[in-house]
Amino acid sequence: MLALHPKATRVHIGCDEPQLGSHALTAAAAAEDPDGVSGVLVQHVTRTVGVARALGRTCLMWHDAAAQMGERC
């Protein structure tokens, strides 16, 4: 998406509609993470934000995606 919008300074990463835990790989990762599905989402968002920041972009994410996570996340 960033290649299609080279002048964009911000990227919306959403995260308000993921169906986490429904795929076998995600469920397995959540079973191993102390924070469960929230921990898997945090890892994914961290990697995504890292890529966007490396490309000089600021990320936006829906609040409700993070509001349901535990304080540690």
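What counts as what
- Residues numbered from 1 in each chain as written.
- Predicted model: local features only at pLDDT ≥ 70, side-chain atom pairs only at ≥ 80, totals over all residues.
- Heavy atoms only, no water.
- Helix = DSSP H or I, 4+ residues; strand = E, 2+ residues; numbered from the N terminus.
- Buried < 20%, exposed > 50% of the residue type's maximum accessible area, 1.4 Å probe, protein only.
- Contact = heavy atoms within 4.5 Å.
- Lys, Arg positive; Asp, Glu negative; His and termini not counted.
- Charge placed at Lys NZ, Arg CZ, Asp CG, Glu CD.
- Axes fitted to C-alpha atoms, helices over the stretch in contact; angles between N-to-C directions.
- Parallel < 35°, antiparallel > 145°, perpendicular 65-115°, else oblique.
- Nonpolar A, V, L, I, M, F, W, Y, C, P; charged D, E, K, R; others polar.
- Core = buried A, V, L, I, M, F, W, Y, C linked by side-chain atoms within 4.5 Å.
- Expected span 1.5 Å × (residues − 1).

Let's shift gears to the overall build of the protein. Counting secondary structure elements, the protein contains three helices and two strands. Each helix (α) and strand (β) of the protein, taken in turn from the N terminus, gives the series β-α-α-β-α. Projecting the C-alpha coordinates of the protein onto the three principal axes gives extents of approximately 40 × 25 × 20 Å. Evaluated residue by residue, the protein yields a buried proportion of 23% over its 73 residues. Counted over contacts in the protein with a minimum sequence separation of 6, partners at least 24 positions apart contribute 73%. Counting 6 positive and 7 negative side-chain charges, the protein places the averaged centre of each group 17 Å from the other.

Here we take up the side chain of Asp 33. Tracing the chain through its elements places Asp 33 in the loop between α1 (24–32) and α2 (36–54). On the basis of relative accessibility, which here comes to 14%, the residue Asp 33 falls in the buried class. Apart from residues lying up to four places away in sequence, Asp 33 is in contact with Gly 39, Val 40 and Gln 43.

This part takes up the packing of α1 against α2. For the pair α1 and α2, interaxial distance at closest approach is 7 Å and the crossing angle is 110°. With respect to each other, α1 and α2 are oriented roughly perpendicular. For the pair α1 and α2, contact is made by Thr 26, Ala 29 and Ala 30 and by Gly 36, Val 37 and Val 40, respectively. Class assignment for the residues of the contact of α1 with α2 results in four nonpolar, two polar and no charged.

Moving on to the nonpolar core. Formed by Leu 2, Val 11, Ile 13, Cys 15, Leu 41, Val 45, Ala 52 and Met 69, the largest nonpolar core amounts to eight residues. Elements with a minimum of two residues in this core: β1 (10–14) and α2.

Another aspect to go through is the environment of Thr 48. Structurally, the position occupied by Thr 48 is in helix α2. As for Thr 48 and Cys 59, which are separated by 11 residues in sequence, their C-alpha atoms are 8.9 Å apart.

Take α2 next. The end-to-end C-alpha distance of α2, which contains 19 residues, comes to 28 Å, matching closely the 27 Å that a straight helix rising 1.5 Å per residue would cover. Directly after α2, the chain includes Gly 56, whose backbone phi takes a positive value near 80°.

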